[in-house]
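Residue-level listing of the chains:
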Amino acid sequence: MRGGGRDDARAWVSRLLDQHGARPVALAVYAGESFLVSVPIEETASLQTAIGAIGADTMPVAGSRPDRALALARMTLADAASERADVVLVTDGGALGPAALSEAERLRATGVRVSAVAIAPRTAPYGMPPTDTAGLVRLTAAGGGIVATPDDLDPLIVRLTG
């Protein structure tokens, strides 16, 4: 994401980290590939620093592959033997096809809920399709989670911290 969308995504993730409670938090980023920034940890101050450094210029592979991000989340949570886990996909709402739905279903089958927040760029790059709102609803339904909007994150934060 470029412009306002990236800034909004960083602000939202920062807010979530500030309110995560006692649950461990992991951080991964994705574009055309996904990358683990941190395994699940309880002290999240170091993640705040990492969030500030994440941008389009730090991602070596362009694109949008939420399926790969969800697969990485599934493997990371399995390795950490996480209980009562949630995955929150912060997304521009693209590429929410069968592979992403399959990963959301696989996560749900292991007891992990998948929710999403769509944060589109304020000015979409040429050729970028609009946010697939229906795809987000399908994805979160498959993952047993909810769709939150940047304007109303409270239902998601309550769900994650409750």
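Given the structure is predicted, the values throughout are model-derived calculations rather than measurements.

Undergrad: When you look at the overall build of the protein in this model, what are you seeing that I'm missing?
TA: In terms of regular secondary structure, the protein is built from 6 helices and 5 strands. Listed N to C, the secondary structure of the protein is α-β-β-α-α-β-α-β-α-β-α in terms of helices and strands. Relative to a compact globule of 162 residues, whose C-alpha radius of gyration would be 15 Å, the protein shows 14 Å and is just as compact. Referenced to the eigenvectors of the C-alpha coordinate spread, the extents of the protein come out at roughly 40 × 35 × 30 Å. Per-residue burial for the protein yields a buried fraction of 42% across its 162 residues. Across the protein, every contact between residues at least 6 apart in sequence was considered, and the portion connecting residues at least 24 apart equals 76%. Carbon and sulfur atoms make up 56% of the accessible area of the protein, which amounts to about 8,300 Å² in all. Taken together, the 15 basic and 18 acidic charged side chains of the protein have centroids lying 4 Å from each other.

Undergrad: What exactly am I supposed to notice about the packing of helix H3 (residues 66-80) against helix H4 (residues 98-109) here?
TA: When two helices pack together, their arrangement is given by the angle between the helix axes and by the axis-to-axis distance. Across the interface, H3 lies against H4 with an axial gap of 8 Å and an inter-helix angle of 20°. Classified by the interaxial angle, the pair formed by H3 and H4 is roughly parallel. Classified by chirality, the crossing of H4 by H3 is left-handed. Note on element contacts: H4 touches H3 through Ala99, Ala100, Glu103, Ala104, Arg106 and Leu107, opposite Pro66, Asp67, Leu70, Ala71, Ala73 and Arg74.

Undergrad: Before we go on, may I ask you to explain the side chain of serine 38 in this structure?
TA: Secondary-structure assignment places serine 38 in strand S2 (residues 34-41). Among the residues examined, serine 38 registers a relative accessible area of 11% and is labelled buried.

About the cut-offs
Residues numbered from 1 in each chain as written. Predicted model: local features only at pLDDT ≥ 70, side-chain atom pairs only at ≥ 80, totals over all residues. Heavy atoms only, no water. Helix = DSSP H or I, 4+ residues; strand = E, 2+ residues; numbered from the N terminus. Rg over C-alpha atoms; globule rule 2.2 N^0.38 Å. Buried < 20%, exposed > 50% of the residue type's maximum accessible area, 1.4 Å probe, protein only. Contact = heavy atoms within 4.5 Å. Areas by Shrake-Rupley, 256 points an atom, 1.4 Å probe, with all protein chains shown as cover. Lys, Arg positive; Asp, Glu negative; His and termini not counted. Charge placed at Lys NZ, Arg CZ, Asp CG, Glu CD. Axes fitted to C-alpha atoms, helices over the stretch in contact; angles between N-to-C directions. Parallel < 35°, antiparallel > 145°, perpendicular 65-115°, else oblique. Left-handed = near helix turned anticlockwise from the far one by under 90°.

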